[in-house]
Amino acid sequence: MTRILLLSAAAAVAISVPAMAQTQMWTSVDLANRRTCPSTECGSVGTLFYRESAKVFETRNGWSRVSQYYDAACSGGRSAYVDAGRADCTPANGVEGWQFAEWVRSDLLTAKRPADPSVGASGTAKLIGQSDDFRLHRDAFVKATDELIASGTCRASDFEEWGGWMKSSNKGAGIYFSYCGGGSDRIYLDIGSGRVFR
């Protein structure tokens, strides 16, 4: 009798946790804000970048949910995850039961991954073709890379190893970095001015 009850309980748990269907999509624009609810009025919790993949769990009124629901890290009535816009932990901002999910406008996603902007590149452009935002800053990346290699500050193999330039998360907007000296020397590039610095 106990065994039958245990099996029934296990079956009930299995039935109450349905599998979530997901659709693989890709970002078709340079930046797509991830928001706490399906509205531009809701807080932003980061971005998806061009060609970045996203699993879509559901769609609603032109918006796609690209995450499962998770803890909103509310403290003092505000979510610690919101980096721009509304941060209040309220249903109007997508926070219910102290949780929210991430939403992206559906028109910023595509079912087919966009073409790699480095396809067909040659020379230095091919060397750094995996740089973040390559299609936006190709010329500036190539110029800085050529100058660093010509001056002996970096070797082509440094850029080959790291794939190019990566967006910096702690130096501000428009700053990218790569490594030279076999990965021991971090070099920064200010994409607006073209200035290279350590």
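Residues numbered from 1 in each chain as written. Predicted model: local features only at pLDDT ≥ 70, side-chain atom pairs only at ≥ 80, totals over all residues. Heavy atoms only, no water.

What exactly am I supposed to notice about the packing of aromatic side chains here?
The geometry of an aromatic ring pair is captured by the separation of the ring centres together with the interplanar angle, meaning the angle of the planes. Enumeration over the complete set of coordinates arrives at 9 aromatic pairs. Ring geometry for Tyr70 against Tyr81: centres 5.8 Å apart, planes inclined by 65 degrees, an arrangement best described as edge-to-face. Residue Tyr70 is located in strand β7 (residues 70–71), and its partner Tyr81 is located in the loop between β9 (78–79) and β10 (99–100); the two are separated by 11 residues in the primary sequence. You can call Tyr70 partly exposed: its relative accessible area is 24%. Accessibility expressed as a relative area gives 43% for Tyr81, which makes it partly exposed. An aromatic cluster of at least three residues, connected via ring pairs, comprises Trp162, Phe177, Tyr179, Tyr188 and Phe197. For Arg135, the ring lying beneath its charged end belongs to Tyr50, and the centroid distance is 3.8 Å. Across the ring face of Tyr188, the terminal group of Lys171 is positioned such that the distance to the ring centre comes to 4.9 Å. (Phe/Tyr/Trp six-rings, centres within 6.5 Å; stacked < 30°, edge-to-face > 60°. Helix = DSSP H or I, 4+ residues; strand = E, 2+ residues; numbered from the N terminus. Buried < 20%, exposed > 50% of the residue type's maximum accessible area, 1.4 Å probe, protein only. Lys NZ or Arg CZ within 6 Å of the ring centre and 35° of its normal.)

Please clarify how the nonpolar core should be interpreted in this entry.
Among soluble globular proteins, nonpolar side chains are generally buried collectively. Ile128, Phe141, Phe159 and Trp165 are the most contacted members of the largest nonpolar core, which totals 17 residues. For this core, the elements supplying multiple residues, two or more each, are α2 (123–127), α3 (134–150), β14 (175–180) and β15 (185–190). If you tally residues by element for this core, the top one is α3, at 5 residues. If we ignore the near neighbours within four places in the chain, the residues touching Phe159 are Leu127, Ile128, Thr145, Leu148, Ile149, Cys154, Gly164, Trp165 and Ser178. Membership of the second largest hydrophobic core comes to 9 residues, among which are Met25, Ala32, Leu108 and Leu109. (Core = buried A, V, L, I, M, F, W, Y, C linked by side-chain atoms within 4.5 Å. Contact = heavy atoms within 4.5 Å.)

How do you make sense of the sheet that holds strand β13 (residues 166–167) when you look at a structure like this?
What links the strands of a sheet is backbone hydrogen bonding, and the strands pair in either a parallel or an antiparallel sense. Reading across from one edge, β13-β14-β15-β16 is the order of the 4 strands in this open sheet, with antiparallel pairing throughout. The sheet terminates laterally at β13 and β16 (196–197), the two strands that pair on one side only. With 2 bridges connecting them, β15 and β16 associate as antiparallel partners. Looking at the pairing, Tyr188 lines up with Phe197 of β16. Here α3 sits on the sheet and contacts β14, β15 and β16; the angle it forms with β15, its principal contact strand, is near 135 degrees. (Pairing = 2+ DSSP bridges. Axes fitted to C-alpha atoms, helices over the stretch in contact; angles between N-to-C directions.)

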